[in-house]
Number of protein chains: 2
Amino acid sequence: MREDMLSSVLSELNGTSADIEASAVISTDGLMIAAMLPQNMDEDRVGAMSAAMLSLGDRTAGELGRGDLEQVLIKGDNGFVLMTHAGEDAVVTVMAKPRAKLGLIFLDVKRAADNITKLL
Amino acid sequence: MREDMLSSVLSELNGTSADIEASAVISTDGLMIAAMLPQNMDEDRVGAMSAAMLSLGDRTAGELGRGDLEQVLIKGDNGFVLMTHAGEDAVVTVMAKPRAKLGLIFLDVKRAADNITKLL
């Protein structure tokens, strides 16, 4: 049941914008909790890279006096990866197209992360 | 001379906004090229964390189909770290306050990175 509710939050998130290509909820140790990924995207890979980026992001934020980590954004010439904490134990990872409107995506992902935090 | 010109680009960058607290140019292997950091911020630490984030960011962008890495943004509850490639061999790292206007900082950092690329 809870899994269905998480999937439904992700499904809604992917539906808010045609620029969002994929989303997932991942435990902070890199295990998949729920995912809405295209078939060609490997769950384990998304989980592993998200956990690694967050762990290093946490450390970087701390070492450089930026406080507790809230988000990591990666911009490539072929699109974005945005990772946002959902409570203490999980992360929402979203992949978006290169021309995505970032402000809108930040908002939508924050809303989804708040909903997911309540479900976990 | 070139060092002075790099410092002057960073000095100008820090001056564009009261929200920018520090900036540095770092080689992709983590060595400091030029820096305008507050006294309490350690050059080696900034260099090391920037190089580590970029290296993992490169890999994440590749593994998750986002193409070549352009930027990494870290948001903590006490501010931002923004890393932007300046050519193939260097990175501009900027630290900004929590309420910084991100859109403006993206623009200013991009302009500085373009100028730095020409100097390297």
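Refer to the structure above for everything that follows.
All figures in this text were calculated on a predicted structure; none of them were measured in a lab.

A.B. asks: Would you mind going over the relation of the copies chain A and chain B in detail, with residue names and values included?
C.D. replies: Under the fitted operation, chain A is carried onto chain B by 0.0 Å of movement along the axis and a turn of 180 degrees, and the coordinates agree to an RMSD of 0.0 Å. Given the turn and translation reported, the copies of this chain are related as if by a two-fold rotation axis. Minimal C-alpha separation from the rotation axis in chain A is found for Leu73(A), amounting to 2.4 Å. The residues that chain A uses at the interface reappear at the interface of chain B in 100% of cases, marking a shared surface.

A.B. asks: Give me the lowdown on the interface of chain A and chain B, citing residues and values where you can.
C.D. replies: Taken together, the contact pairs 36 residues of chain A with 36 residues of chain B. At the boundary of chain A with chain B, total buried surface from both sides reaches about 3100 Å², with 63% on carbon and sulfur atoms. Of all residues in chain A, Met49(A), Leu64(A) and Arg66(A) give up the largest surface area on contact with chain B, accounting jointly for 25% of the area buried on that side. Remark: the boundary between chain A and chain B carries six salt bridges. One salt bridge connects Arg66(B) with Glu21(A), and the closest N-O pair in it is separated by 2.8 Å. Here the side of chain A that touches chain B takes eleven residues from helix H2 (residues 43-63) of chain A, the largest share from any one element. Of the residues contributing to the side of chain A that touches chain B, the split by class is 18 nonpolar, eight polar and ten charged.

A.B. asks: Outline the environment of Glu43(A), listing residues and values.
C.D. replies: All names here are of chain A. Position of Glu43 among the secondary structure elements: in helix H2. Judged by its relative accessible area of 40%, Glu43 is partly exposed. Through-space distance from the C-alpha of Glu43 to that of Glu88 is 21 Å; in sequence the pair is 45 residues apart. Other than its neighbours up to four places away in sequence, Glu43 contacts Met32, Ala35 and Leu37.

A.B. asks: Tell me what's going on with the pattern of salt bridges, and back it up with residues and numbers.
C.D. replies: Counted by the stated rule, this structure contains twelve salt bridges over all chains. When the shortest N-O distance is used, the salt bridge between Asp114(A) and Lys110(A) registers 3.6 Å. In this pair, Asp114(A) and Lys110(A) both sit in helix H3 (residues 102-119), four residues apart, roughly one turn of the helix. Among the residues examined, Asp114(A) registers a relative accessible area of 37% and is labelled partly exposed. Its relative accessible area of 47% is what places Lys110(A) among the partly exposed residues. Ionic pairing is found between Glu63(B) and Arg59(B), a salt bridge with its closest N-O pair at 3.4 Å. You can see Glu63(B) and its partner Arg59(B) sitting in helix H2 (residues 43-63), four residues apart, about one turn around the helix. Judged by its relative accessible area of 26%, Glu63(B) is partly exposed. By relative accessible area, which is 48% here, Arg59(B) ends up partly exposed. Three or more residues are tied together by salt bridges with common partners; here these are Arg45(A), Arg59(B) and Glu63(B).

Thresholds, definitions, all that
Residues numbered from 1 in each chain as written. Chains lettered and ligands numbered in written order. Predicted model: local features only at pLDDT ≥ 70, side-chain atom pairs only at ≥ 80, totals over all residues. Heavy atoms only, no water. Least-squares fit on C-alpha atoms with pLDDT ≥ 70 in both. Contact = heavy atoms within 4.5 Å. Buried area = accessible area lost by both parts, 1.4 Å probe. Salt bridge = Lys/Arg side-chain N within 4 Å of Asp/Glu carboxyl O. Helix = DSSP H or I, 4+ residues; strand = E, 2+ residues; numbered from the N terminus. Nonpolar A, V, L, I, M, F, W, Y, C, P; charged D, E, K, R; others polar. Buried < 20%, exposed > 50% of the residue type's maximum accessible area, 1.4 Å probe, protein only.

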